[in-house]
Amino acid sequence: MALEHAEVMRAASLARLGLNDDEAARYVDDLGRILAMVDQLQSLDTEGVAPLAHPLDATQRLRADEVTETNHRDDFQRCAPAVEKGLYLVPRVVE
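It should be emphasised that the depicted structure is a prediction, and the values quoted were computed from it without experimental measurement.

Rules of the game
- Residues numbered from 1 in each chain as written.
- Predicted model: local features only at pLDDT ≥ 70, side-chain atom pairs only at ≥ 80, totals over all residues.
- Heavy atoms only, no water.
- Helix = DSSP H or I, 4+ residues; strand = E, 2+ residues; numbered from the N terminus.
- Expected span 1.5 Å × (residues − 1).
- Buried < 20%, exposed > 50% of the residue type's maximum accessible area, 1.4 Å probe, protein only.
- Arc of directions from axis to C-beta.
- Contact = heavy atoms within 4.5 Å.
- Salt bridge = Lys/Arg side-chain N within 4 Å of Asp/Glu carboxyl O.
- Patch = residues over 30% accessible without salt bridge, like charges linked within 9 Å, V, L, I, M, F, W, Y side chains within 5 Å.
- Areas by Shrake-Rupley, 256 points an atom, 1.4 Å probe, with all protein chains shown as cover.
- Axes fitted to C-alpha atoms, helices over the stretch in contact; angles between N-to-C directions.
- Parallel < 35°, antiparallel > 145°, perpendicular 65-115°, else oblique.
- Nonpolar A, V, L, I, M, F, W, Y, C, P; charged D, E, K, R; others polar.

Student: Which parts of the structure should I look at to understand helix H2 (residues 21-42)?
Tutor: The periodicity of an α-helix, 3.6 residues per turn, causes residues three or four positions apart to be oriented the same way. Spanning 22 residues, H2 covers 31 Å between terminal C-alpha atoms, matching the ideal 32 Å at 1.5 Å per step. Among the residues of H2, those classed as buried are Ala24, Val28 and Gly32. Buried residues of H2, viewed axially, fall in a sector of 90°; they line one side. Residues Asp22, Arg26, Arg33, Met37, Gln40 and Leu41 are exposed on H2 and point more than 90 degrees away from its buried face. Buried residues in H2 make contact with helix H1 (5-14).

Okay, here's the thing in structure tokens:
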């Protein structure tokens, strides 16, 4: 897929990037090579290959779900401007 200078400038404009013509010319080449690599990857046969969430077959170690701190709600709410039934009262923003 050939990429043109005008397409790079449009993408830069949409992304709110300020590119001059020299920078855009470099990006035309760089992005062209990236798109060529994507085209090459798309030509591979992936039939029967399950999608991966992560390239390594690893699981994340999780800590035990235990309470490690005491409840300080009353202390925190004591300095709040408005509290009712354990909830913080805030001014209405959306009508």
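Student: Looking at this model, I keep getting lost on the environment of Pro91. Mind explaining?
Tutor: Locating Pro91 in the fold gives a position in the segment after strand E2 (87-88). You can call Pro91 exposed: its relative accessible area is 67%. For the pair Pro91 and His72, spaced 19 residues apart in the sequence, the C-alpha separation amounts to 24 Å.

Student: Explain the pattern of salt bridges to me, please; I cannot follow it from the model alone.
Tutor: Oppositely charged side chains can pair when the atoms bearing their charge come close. Applying the stated rule across the entire model yields 2 salt bridges. The partner of Arg33 in a salt bridge is Asp30, with the nearest N and O atoms 2.6 Å apart. Taken together, the residues span about one helical turn, with Arg33 and Asp30 both in helix H2 at a distance of 3 residues. Between Asp75 and Arg78 there is a salt bridge, with the nearest N and O atoms lying 3.2 Å from each other. One end of the pair is Asp75 and the other is Arg78, both in helix H3 (residues 73-78) and 3 residues apart, which spans about a single turn. Residue classification places Asp75 among the partly exposed positions, given a relative accessible area of 40%.

Student: Got a minute to help me understand a nonpolar patch on the surface in this structure?
Tutor: On the surface, a cluster of nonpolar side chains totalling about 320 Å² of accessible area is made up of Tyr27, Leu31, Ile34 and Val38. Along the chain, the position of Tyr27 falls in helix H2.

Student: What exactly am I supposed to notice about the packing of H1 against H2 here?
Tutor: A packed helix pair is summarised by two numbers, namely the angle formed by the two axes and the spacing between the axes. Two numbers describe how H1 lies on H2: the axes approach to 9 Å, and their chain directions differ by 105°. Taken together, the axis directions place H1 and H2 in an arrangement best described as roughly perpendicular. On H2, the residues touching His5, Val8 and Met9 of H1 are Asp21, Ala24, Ala25, Tyr27, Val28 and Leu31. For the contact of H1 with H2, the per-class residue count stands at 7 nonpolar, 1 polar and 1 charged.

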